[in-house]
Amino acid sequence: SSMTAPVSSGRGKKNWEQLQKEQVEQEDNVQVVVMLRKGGKATTAKGISVSADSMLGEQFLAREEKETRERTRMKELTLEISERQEEEELTEALQQLQRVSMVGPGGARRGFRPNKGAPDADLIFGNKRPPQK
């Protein structure tokens, strides 16, 4: 687990030439934050500029690249999961619609079977329907 801290130079205002010189230096350097501890109690963060070719600079750049790849991978996984969930919800909704349309209006009576042990009204009272012609 890494900790990042804001880097501030604390040098005050700079003129145009100093800014240009610093910009050229930054292309070859990497800003790294070093945590310092004074007297075992207070910690302070100090920003230092390290050459990108140095061991520390290479490790820092490699870690940043690894974190970027991991973030990209997580975004892709999250997107795949939400797409899959949407697809499942759509399929479920379509199946629900098909189930409703299969029964149709008045279709529930057609396949009706009374509960086990319930008396058969047609047997007791006879079939009251007039004979169909």
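For the structure itself, look to the data block above.
Just so we're clear, the structure is a prediction, and the values are computed from it rather than from any experiment. (Residues numbered from 1 in each chain as written. Predicted model: local features only at pLDDT ≥ 70, side-chain atom pairs only at ≥ 80, totals over all residues. Heavy atoms only, no water.)

Moving on, we come to the overall build of the chain. Counting secondary structure elements, the chain contains 4 helices and 2 strands. For the chain, the sequential pattern of α-helices and β-strands runs α-β-β-α-α-α. Looking at the chain as a whole, 5% of its 133 residues qualify as buried. Intrachain contacts of the chain at a sequence separation of at least 6 include 27% that bridge at least 24 residues. Accessible surface, the chain as shown: approximately 12,800 Å² in total, 54% of it carbon and sulfur. (Helix = DSSP H or I, 4+ residues; strand = E, 2+ residues; numbered from the N terminus. Buried < 20%, exposed > 50% of the residue type's maximum accessible area, 1.4 Å probe, protein only. Contact = heavy atoms within 4.5 Å. Areas by Shrake-Rupley, 256 points an atom, 1.4 Å probe, with all protein chains shown as cover.)

Pairing is possible between side chains that carry opposite charge, provided their charged atoms lie close to one another. Tallying each qualifying case throughout the model produces 3 salt bridges. Between E65 and R69 there is a salt bridge; the shortest N-O distance is 3.1 Å. Here E65 pairs with R69, and both are found in helix α2 (residues 55-103), just 4 residues apart, close to one helical turn. For the salt bridge of R73 with E70, the shortest nitrogen-to-oxygen distance reads 3.3 Å. Of this pair, R73 and E70 both sit in helix α2, 3 residues apart, roughly one helical turn. Classification of R73 as partly exposed rests on a relative accessible area of 45%. (Salt bridge = Lys/Arg side-chain N within 4 Å of Asp/Glu carboxyl O.)

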